[in-house]
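A look at the structure
Take a look at the letters that make up each chain.
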Amino acid sequence: MASDIPYYDVLILGAGFSGCSLLHYLRRDGFSVRIFEKAPTVGGTWYWNRYPGARVDSDVPIYELNIPEVYESWSWSSRFPDWQELRQYFKHVDKVLEVSKDTDFNTNVTDAVWDEASQTWTVTAENGKRARARFFLTCIGFASKNFTPDFKGLSKFKGEVHHSNEWPETGVNLEGRRIGLIGTGSTGVQITQEAGPVCKELFVFQRTPNLCLPMHQAYLDESSQSDKAGYDAIYQKRLNSFGGFLFDFVKKKATDDTPGQREKFYQALFDHGGFAFWVANYYDLFTDPESNRLAYEFWQRKASERIKDPKKAAILAPKVAPHPFGTKRPSLEQNYYEQFNKPNVHVVDVSAEPIAEFTEKGLRTTDGEYEFDLLILATGFDAVTGSYKNLKIRGVGGVELSEKWAKQTQTYLGLTVHDFPNLMYTYGPQAPTAFSNGPSCIQVQTKFIVDIINYMRDHNYSSFNATSDAETEYTDEINEEVTKTLFPLAKSWYMGANIPGKKIEMLNYIKGIPAYSSLLDSVEENWKGVAFAN
Ligand SMILES: Cc1cc2nc3c(=O)[nH]c(=O)nc-3n(C[C@H](O)[C@H](O)[C@H](O)COP(=O)(O)OP(=O)(O)OC[C@H]3O[C@@H](n4cnc5c(N)ncnc54)[C@H](O)[C@@H]3O)c2cc1C
Ligand SMILES: *[C@@H]1O[C@H](CO)[C@@H](O)[C@H](O)[C@H]1NC(C)=O
Ligand SMILES: *[C@@H]1O[C@H](CO)[C@@H](O)[C@H](O)[C@H]1NC(C)=O
Ligand SMILES: *[C@@H]1O[C@H](CO)[C@@H](O)[C@H](O)[C@H]1NC(C)=O
């Protein structure tokens, strides 16, 4: 193996929350660490997602790294910061943790190969940069691969087209424009709130209504954040709740309460704002159809009250639930429904009138023609496993990871894979990922990764990989658990259902952060399912 390739103890892909935090802890422990990042700067998700209104749906200080050097010298201007403020935050992270000095930016990794003889990974990027490393940590996030449906005639359209995840750095003027927006995931909802007030006309093409929850944005002043004494306790406390927040499901079934009590409870969750109505609801919300129906009924009443036109209301907030509440990710909204009270903001139900084809001036559905000069594709991602599809990772005997996963996603602990020695990842397949607050999940996984790497150094092990049995058992449990819930009833990206041809399976660990965290702790006690080699 060419010796002119630089060697590191640890090579990390990605400089988002995960990469920055792992770099910090591993470097502190004396390892040589390098990050390869395809973006020109730190920030991860918040570098790529700069579309109008891009904003996080987790509130601060929960949506933050638990590193004192970082949080002690930072304060936010709002409870749910937007992408610009998150970018500023990452500048601060970079300054305090000195991420850039150990990062190669604009370095898009395409290949990684395990070499059994030297027990190292060799990693190659598109720009020709290479590195060898003992440990390879792919912190590439769950949304690194955009998805655009294969629309007929899209190339015929003469206007401007942008995918939300590749928004021009210089911005796009929305004022006075006639806009076609496809997709009503959180991105579509956020863009509607920005475009609605300034556009000439907006057509929102909706396949499935987003069961949006009230955000209750709040502006914060610096003085209210100057005392950080309680922060460490907050970051421990967030690990005690299902979603990694400070609120959690209540230990009651929906039907344990009277209708009056339920109404009050649901209203209190709405008033709290954020994801409370989703993951601090009755504990049987995701398992009992009646509990779920009651929650939907409340939600539907609240949303439809705000929409004046009954035709629009029937599309945005139908009487009959499009899928069990919460089995697709609800988005937070501030004035989403009010946008549709403007005569120039339309919603088109493309489940009833599917998009037939694009034309030079817009698109044609089975029922009508719509004209616009700016097309925004808020069509999301090949989520969770998709991030791995542009990346050839070859483990023992040349087996390729995305090929292994094409049949079925298989991991151990949502962290590592049999036959891929010394490879670990964060915020990816079969971890609490999409059902959790990012930094909370990352906090739990970072601890495990840092611990195992230290343990191996202490015991002179050069490699580990998950045993095949442990991987099968872990994977089977995920697939078994999901059958006890309402999740299979929704066509969601949680289960790969948004991508044609993708295997339908639960891509996330669904038992919540506390169960996940104690599972990792118990593995650390005896390294069950982990085979070390010298
Ligand atoms: C629009 C949007 C809204 C979100 N809202 C929330 C929210 O409300 N709450 C929440 O908890 N989470 C939210 N998330 C999830 C969010 O991704 C996580 O909270 C968090 O950013 C994950 O951090 P990470 O470091 O693990 O991954 P990311 O932030 O995704 O960073 C991954 C990095 O890896 C890099 N990378 C990928 N592939 C390669 C490669 N081949 N070579 C080199 N570098 C590569 C990418 O450029 C990126 O910088 C949202 C995500 C999106 C897209
Ligand atoms: C990274 O490389 C992949 C695979 O070659 C390619 O599809 C993708 O567009 C590249 N991304 C960037 C940001 O250069
Ligand atoms: C690891 O190797 C070092 C140096 O060879 C040796 O001193 C130490 O005892 C070894 N530790 C273990 C646990 O084998
Ligand atoms: C991978 O795990 C197997 C046991 O499942 C073990 O025999 C092998 O040595 C491990 N390989 C490496 C490189 O760690």
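Residues numbered from 1 in each chain as written. Chains lettered and ligands numbered in written order. Predicted model: local features only at pLDDT ≥ 70, side-chain atom pairs only at ≥ 80, totals over all residues. Heavy atoms only, no water.

**Quick notes on the side chain of Asn281**
Following the sequence through the fold, Asn281 ends up in the loop between α8 (276-279) and α9 (289-304). Residue classification places Asn281 among the buried positions, given a relative accessible area of 0%. Only 2.8 Å separates the side chain of Asn281 from the backbone oxygen of Phe277, close enough to count as a polar contact. For Asn281, the residues in contact, after removing those within four places along its chain, are Phe249, Val250, Phe265, Tyr266, Leu269, Ala276 and Ala295. (Helix = DSSP H or I, 4+ residues; strand = E, 2+ residues; numbered from the N terminus. Buried < 20%, exposed > 50% of the residue type's maximum accessible area, 1.4 Å probe, protein only. Polar contact = N/O pair within 3.5 Å; in protein donor to acceptor, adjacent residues only side chain to side chain. Contact = heavy atoms within 4.5 Å.)

**Some remarks on helix α15 (residues 512-526)**
Since the α-helix advances by 3.6 residues per turn, residues separated by three or four positions end up pointing in the same direction. Here α15 contains 15 residues, and its C-alpha end-to-end distance of 22 Å stays within 8% of the 21 Å for a straight helix at 1.5 Å per residue. Within α15, the full set of buried residues consists of Gly512, Ile513, Tyr516, Ser517, Leu520, Val523 and Glu524. For α15, the arc enclosing every buried residue in end-on projection is 160°, short of the 170-degree limit, so these residues lie on one face. More than 90 degrees from the buried face of α15, the exposed residues found are Glu525 and Asn526. Of the residues flanking the end of α15, it is Trp527, one or two places downstream, whose phi is positive at about 50°. (Expected span 1.5 Å × (residues − 1). Arc of directions from axis to C-beta.)

**Describing the pattern of salt bridges**
Taken as a whole, this structure holds 33 salt bridges when the rule is applied. Here Arg28 ties to Asp29 by a salt bridge, and the two come within 3.1 Å at their closest N and O atoms. Here Arg178 and Glu201 are joined by a salt bridge, their closest N and O atoms 2.8 Å apart. Residue Arg178 is located in strand β8 (residues 178-182), and its partner Glu201 is located in strand β9 (residues 201-206); the two are separated by 23 residues in the primary sequence. Look at Glu201 and you get buried, because its relative accessible area is 19%. Through salt bridges that share partners, Lys152, Lys156, Glu357, Arg364 and Glu369 make up one connected network. (Salt bridge = Lys/Arg side-chain N within 4 Å of Asp/Glu carboxyl O.)

**Considering the UniProt feature "transmembrane region" (unreviewed entry) in the protein chain**
The UniProt feature table records "transmembrane region" (unreviewed entry) at residues 6-26. Between the end C-alpha atoms of residues 6-26 the distance is 18 Å, and the span holds 48% helix and 33% strand. (UniProt positions renumbered as here; feature names shortened; annotations may be inferred.)

**Some words on the packing of aromatic side chains**
A full pass over the atoms with the stated rule returns 59 aromatic pairs. Note on Phe242 and Phe249: the rings are 5.3 Å apart at their centroids and 75° apart in plane angle, and the pair reads as edge-to-face. Overall, the relative accessible area of 14% leaves Phe242 in the buried class. On the basis of relative accessible area, Phe249 is assigned to the buried category, the value being 15%. With centroids separated by 5.8 Å and ring planes inclined at 25°, the aromatic side chains of Phe277 and Phe298 adopt a geometry described as stacked. (Phe/Tyr/Trp six-rings, centres within 6.5 Å; stacked < 30°, edge-to-face > 60°.)

**A short note on the site of ligand 2**
Within the structure, ligand 2 sits among Lys38, Trp48, Asn108, Thr110, Glu126 and Asn390. One of the side-chain N or O atoms of Glu126 is found 3.4 Å from an oxygen atom in ligand 2. When the free accessible area of ligand 2 is taken as 360 Å², the share hidden by the protein chains comes to 53%. (Near = heavy atom within 4 Å. Areas by Shrake-Rupley, 256 points an atom, 1.4 Å probe, with all protein chains shown as cover.)

**So, the site of ligand 3**
Every residue close to ligand 3 is listed here: Asp458, His459 and Asn460. Contact between ligand 3 and Asn460: an oxygen atom at 2.3 Å from a side-chain N or O atom of the residue. For ligand 3, the accessible surface in isolation is 360 Å², of which the surrounding protein chains cover 24%.

**Focus on the packing of helix α1 (residues 17-28) against helix α13 (residues 438-458)**
Contact geometry of α1 with α13 gives a least axis separation of 10 Å together with a crossing angle of 35°. Of the two elements, α1 crosses α13, and the hand of that crossing is right-handed. Residue-level inspection shows Phe17, Ser18, Ser21, Leu22, Tyr25 and Leu26 of α1 in contact with α13, the latter providing Pro439, Ile442, Thr446, Ile449, Val450 and Ile453. When grouped by side-chain class, the residues that make up the contact of α1 with α13 number nine nonpolar, three polar and no charged. (Axes fitted to C-alpha atoms, helices over the stretch in contact; angles between N-to-C directions. Left-handed = near helix turned anticlockwise from the far one by under 90°. Nonpolar A, V, L, I, M, F, W, Y, C, P; charged D, E, K, R; others polar.)

**Examining the state of the cysteines**
All told, the structure shown has zero disulfides when counted by the stated rule. Looking at Cys139, it has no disulfide partner, and the nearest cysteine sulfur is the one in Cys20, 9.7 Å off. Since its relative accessible area comes to 7%, Cys139 is described here as buried. Of all cysteine sulfurs, the one in Cys139 lies closest to Cys441, which takes part in no disulfide; the gap is 11 Å. The exposure class of Cys441 is buried, given its relative accessible area of 0%. (Disulfide = S-S within 2.5 Å.)

**Focus: the pairing of strand β1 (residues 7-13)**
Counting buried residues in β1 gives five out of seven residues, a clear majority hidden from the surface. Alignment of β1 against strand β6 (residues 130-138), held across six bridges, turns out to be parallel. Looking at the pairing, Leu11 lines up with Phe136 of β6. In this sheet, strand β2 (residues 33-36) lies alongside β1 in parallel orientation, the contact comprising four bridges. In the strand pairing of β2, Leu13 is matched with Phe36. Taking the sense of rotation as the criterion, the β-α-β connection linking β1, α1 and β2 turns out right-handed. (Pairing = 2+ DSSP bridges. Right-handed = clockwise from strand over helix to strand, strands pointing away.)

**What about unusual backbone geometry?**
A cis geometry characterises the amide bond from Val60 onward to Pro61, with omega recorded as 5°. Within the secondary structure, Pro61 is located in the loop between α2 (45-48) and α3 (68-71). Although it is not a glycine, Gln430 adopts a positive phi angle of roughly 65°. Note that Gln430 resides in the loop between β18 (423-425) and α13.

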